[in-house]
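Chain by chain, the residues:
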Amino acid sequence: MSQGPVRITAPFLDVLEVFIAAGGAELHGWAIIKASHRGGPTVYKILERLDGMGWVSARWDDEPADPNKPRRRYYKLTGEGVTQAQLLLARHRPQRVPGSLRPALGGGPL
Amino acid sequence: MTAFWFGVLVSIATGALVNEFCDVSPWLADKIARRAARLWSAGDSALEVEWAAVIQDCPGKLTKLFIALRFGAGAASKAQRRWLKRARARASRKPISRPGATRPIALARKLVAAVMAIIAVFALVLGIGMASFSVALFGLTLLVLSVTVGVVRFVPRPQDRSHS
């Protein structure tokens, strides 16, 4: 059972914009931080909120390129998350039309 | 000539130090990020791996360190908020002072008065023995002061405050 966001802040909308711009691709932590231009703790606080609301799903990188490196965690908007994020962005940031940022983000497989 | 060689040495040492720091900073960044993740999630090892991966993905050596420090600051702030919340909850559950219990301030007052009294008696005996009026007067004054500190309650107890 998901619930709506308690507080809608600029960083919250930035993170949603990044996910929408990725066009359904999975994004790892650094990609979200880089694309949203927000600090790591801010982004992870929002990811925790989104996860609690059931707007994002996360999975671990099963086949890391280098096994000696720590594994990445990929995040993706759920079906409900996409709908709600689009509604929120249309209401709060109607002037911005997000383009596809996927190549720059280095997102994982769809 | 000595100043020239001193300058050369300083520049070499500074360069070596900066180089070493740049090489150490990714390792340091990894340690900071892992510790910050533990602090953030109160011991969740999954987040530790994830934040270490974020630091790995971040380009540059010093940038890694700056990003890790930012994670550290965020985690410290979150941990502090969590600690304050717990402390407030504890304080609201526990009564401020039980009736009849000795408060720490009262205990400290008695201890200070006792130490002052010992010094005062010593000074008084010494003053009388040496026939020194000033030392004896000092001892007497200190004795009066120690009795005052031991007997008079300067700060009212909470239950006294609520009655008034």
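Residues numbered from 1 in each chain as written. Chains lettered and ligands numbered in written order. Predicted model: local features only at pLDDT ≥ 70, side-chain atom pairs only at ≥ 80, totals over all residues. Heavy atoms only, no water.

Engineer: Explain the overall build of chain B to me, and be specific about the residues and the numbers.
Structural biologist: Helix and strand counts for chain B come out as six helices and zero strands. In sequence order, chain B lays out its α and β elements as α-α-α-α-α-α. Taken over 164 residues, chain B has a buried fraction of 24%. In chain B, once contacts between residues fewer than 6 apart in sequence are set aside, the share between residues at least 24 apart is 57%. Summed over its atoms, the accessible surface of chain B is roughly 11500 Å², and 71% of this surface lies on carbon and sulfur atoms. (Helix = DSSP H or I, 4+ residues; strand = E, 2+ residues; numbered from the N terminus. Buried < 20%, exposed > 50% of the residue type's maximum accessible area, 1.4 Å probe, protein only. Contact = heavy atoms within 4.5 Å. Areas by Shrake-Rupley, 256 points an atom, 1.4 Å probe, with all protein chains shown as cover.)

Engineer: Give a description of the pattern of salt bridges that names residues and reports values.
Structural biologist: All names here are of chain A. Following the criterion strictly, the structure yields eleven salt bridges over all chains and no others. With a shortest N-O distance of 2.8 Å, Asp14 and Arg38 are connected by a salt bridge. Of this pair, Asp14 sits in helix α1 (residues 10-21) while Arg38 sits in the loop between α2 (29-36) and α3 (40-53), placing them 24 residues apart in sequence. For Asp14, a relative accessible area of 12% gives the class buried. Arg93 is the partner of Asp14 in a salt bridge, and the nearest nitrogen-oxygen pair spans 2.7 Å. (Salt bridge = Lys/Arg side-chain N within 4 Å of Asp/Glu carboxyl O.)

Engineer: Tell me about the interface of chain B and chain A, residues and numbers included.
Structural biologist: If you look at the interface, chain B gives 20 residues, while chain A gives 17 residues. Summed over both partners, the interface of chain B with chain A comes to about 1500 Å²; 67% of that surface belongs to carbon and sulfur atoms. Considering only the side of chain B, the residues that lose the most area to chain A are Trp40, Glu50 and Asp57 of chain B, jointly responsible for 35% of the buried surface there. With a closest N to O distance of 3.0 Å, Arg72 of chain A and Asp57 of chain B form a salt bridge. In this assembly, chain B and chain A are joined by five residue pairs in polar contact (both at pLDDT 80 or more). Secondary structure elements with two or more residues in the side of chain B that touches chain A: α1 (2-41), α2 (45-57) and α3 (62-93) of chain B. Sorting elements by how many residues they give to the side of chain B that touches chain A places α2 of chain B first, with ten residues. Broken down by class, the residue content of the side of chain B that touches chain A amounts to twelve nonpolar, two polar and six charged. (Buried area = accessible area lost by both parts, 1.4 Å probe. Polar contact = N/O pair within 3.5 Å; in protein donor to acceptor, adjacent residues only side chain to side chain. Nonpolar A, V, L, I, M, F, W, Y, C, P; charged D, E, K, R; others polar.)

Engineer: Any details on α1 of chain B? Residues and values, ideally.
Structural biologist: Compared with the 58 Å implied by 1.5 Å per residue over 40 residues, the 56 Å span of α1 of chain B between its first and last C-alpha is a close match. The largest bend along α1 of chain B reaches roughly 35° and is located at Ser25 of chain B, with the proline Pro26 of chain B sitting one to four residues downstream. Taken as a whole, α1 of chain B has its buried residues at Ser25, Ala29, Asp30, Ala33, Ala36, Ala37 and Trp40 of chain B. As for α1 of chain B, its buried residues are in contact with α3 of chain A together with α2 and α3 of chain B. Positive backbone phi, approximately 55°, marks Ala42 of chain B, located one or two places after α1 of chain B. (Expected span 1.5 Å × (residues − 1). Bend = angle between axes of the 7 residues up to and from the residue.)

Engineer: Give a description of the sheet that holds strand β1 (residues 27-28) of chain A that names residues and reports values.
Structural biologist: All names here are of chain A. Spatially, three strands are ordered β1-β3-β2 in an open sheet, and the strand pairing comes out antiparallel. At either margin of the open sheet sits one strand with a lone partner, and together these are β1 and β2 (56-60). Bridge count between β2 and strand β3 (residues 73-77): five bridges; the pairing is antiparallel. The partner of Arg59 across the bridge, within β3, is Tyr74. (Pairing = 2+ DSSP bridges.)

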